[in-house]
Amino acid sequence: TVNVIFKMKFFRYLLFIPFIFAAEAKAQTFFGPGRAISDYQGAYKVDSFPVKVNGLPATINKDFGIAKVCFSISHPRVSDLKVELLSPDGTSIWLTNRNGRDDGENYVNTCFRSNGFSGYIHQAKAPFAGEYIPDGRMSFLNNSQDPNGTWYLLVQDLREGVSGNLNFVTLEFGAHPTPDQGNINCSVENGAACGCPDGSEDCELLPDLIIIPRLTEQQVKEYPWNDPYYPGQLRFATSIGNIGDGPMEAFGNSKWFCGHKAVRDSSVVCPGGGKPRQEIMQRIYRKSGDKLVWKDRLAGTNYYEDKPGHNHYHIDDWVEFRLVRKTFNKKGRPTRSKLVARGRKVSYCLFDSGICSSNDSLCTWEGTVYGDKNLLNYGLGNYVDCNQPANRQGISVGGYDTYGLMFEGQHITLPKGLKSGTYYLEIEIDPTGIYKEKNKKNNLFSMPVAISRQEAK
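Residues numbered from 1 in each chain as written. Predicted model: local features only at pLDDT ≥ 70, side-chain atom pairs only at ≥ 80, totals over all residues. Heavy atoms only, no water.

Student: Please give an account of the sheet that holds strand β3 (residues 64–74) that cites residues and values.
Tutor: Pairing between sheet strands relies on hydrogen bonds along the backbone, with the strands arranged either parallel or antiparallel. Ordered by their spatial adjacency, 5 strands build an open sheet running β1-β9-β3-β6-β7, and the pairing between neighbours is mixed. With one partner strand each, in any of the chains shown, β1 (28–37) and β7 (131–132) form the two edges of the open sheet. As paired strands, β3 and strand β9 (residues 164–175) are joined by 10 bridges and run antiparallel to one another. Residue F64 lies in a different strand from β9, and its bridge partner there is A175. (Pairing = 2+ DSSP bridges. Helix = DSSP H or I, 4+ residues; strand = E, 2+ residues; numbered from the N terminus.)

Written as structure tokens, this is what we have:
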């Protein structure tokens with residue numbers, strides 16, 4: 001009997017082998033040639049590098065899809081560059097956006113996949129050589145679209161002075177392309193899989209926004225007053241994560257204003273040359289039995305940001321930056337805080353540039369690592385971009401939105417003559433308190449920074 005059972009299992013195994021080989025055989029790589037990358041000349045320009053894809057199944061998804069993107073770029077200052085991948089159905093993701101700080105060179109046979117063993121590209125140092133996790137989410141591309149057609153690597157140079165070349169680009173398709181995606185079950189379509197924090201069947205699912213400390217701690221730099229590009233600036237990166245029960249979601253209501261005066265649309269130039277602002281709504285989800293329902297509440301405003309590298313809609317006053325000087329008592333507790341400098345309230349385009357994983361410690365707040373194992377409705381949301389005025393933008397449960405060191409507005413201008421010493425950088429999310437959250441008390445992040453003398457030379 002044992003021999004019969006063994007033979008049956010072995011026979012089934014032999015039958016299964018061809019299916020394994022057939023799945024593996026579907027993996028294919030497609031090549032695209034390179035050329036010169038246009039240097040920034042004060043106008044919006046994107047260099048498009050086509051890669052033709054054919055012979056693949058008509059649908060890509062979590063079982064089979066785009067798994068890896070590789071390219072090589074020769075460039076003496078890679079922080080000038082924003083690199084995206086555009087699929088045939090018009091979906092695009094950021095692969096890398098202005099990474100490499102202000103002196104990094106070259107992408108050397110650099111690859112991007114959802115679980116790249118070299119870590120996150122925004123935490124790495126140039127020259128970039130290895131396999132990295134991109135600034136965007138690969139899973140957004142495996143959205144049941146037909147992959148056959150022309151894909152484009154989009155490269156935009158955002159700062160003049162030096163130029164470079166794309167040498168090649170390759171796209172690899174294969175089985176199980178995004179193993180980092182986790183088991184995402186809760187969705188608007190599947191409300192039964194969503195949960196309430198108190199175990200009930202009826203509750204609001206609110207976001208809870210935090211600053212992810214590691215990215216800011218690893219990317220902060222003071223520039224002297226004689227720097228030709230960033231004189232007297234303290235520049236830093238910011239990554240905002242959502243560790244709540246519901247997504248942070250907002251969208252425009254197509255009502256545009258110059259001050260309090262209603263105008264036609266975003267193309268109107270306001271008196272004084274400013275941009276019209278659009279009212280936006282915050283969508284609050286609620287679990288009601290086996291369904292998700294929602295209500296929309298009037299929140300802040302957005303506008304069309306046309307600076308190089310953007311060309312999409314930004315939510316106003318999303319974060320505020322401050323530099324303060326603190327004094328402490330003998331027990332090490334702060335007794336006084338004096339404002340030294342303030343950055344403007346910075347507008348952001350909100351979308352999921354990444355998603356927290358319980359397998360690493362990136363999304364850590366006050367000693368707790370957040371990810372798929374401890375976030376109740378992990379993955380609820382799914383925000384790809386913020387390109388259209390009425391489209392949703394936001395941060396999913398477990399998602400995060402990153403603005404790097406070299407992004408516009410990511411700085412505080414230091415007062416001339418500021419004395420050397422230890423100061424504190426404060427970053428506050430939603431400083432005017434417009435948006436509804438589960439917990440407002442964790443919206444403020446603070447870290448010490450050492451400032452050297454800032455007299456102009």
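And the narrative resumes.
Student: Any details on the side chain of E249? Residues and values, ideally.
Tutor: The residue E249 is located in strand β15 (residues 248–258) in this model. Side-chain polar atoms of E249 contact the side chain of Y383, separated by 2.4 Å. When residues no more than four places from it in sequence are discounted, the contact partners of E249 are M281, Q282, R283, Y285, Y383, R392, Q393 and G394. (Polar contact = N/O pair within 3.5 Å; in protein donor to acceptor, adjacent residues only side chain to side chain. Contact = heavy atoms within 4.5 Å.)

Student: Describe the pairing of strand β14 (residues 238–242), and please don't skip the residues or the numbers.
Tutor: The buried count for β14 comes to 5 of 5 residues, which makes it a mostly enclosed element. A two-sided burial pattern is seen for β14, the buried positions comprising T238, I240 and N242 on one face and S239 and G241 on the other. In terms of strand pairing, strand β11 (residues 209–211) meets β14 through 3 bridges, oriented antiparallel. Bridging from a neighbouring strand, L209 pairs with N242 of β14. Relative to strand β26 (residues 399–403), β14 is paired through 4 bridges, and the arrangement is antiparallel. For I240, the partnering residue across the bridge sits in β26 and is D401. (Buried < 20%, exposed > 50% of the residue type's maximum accessible area, 1.4 Å probe, protein only.)

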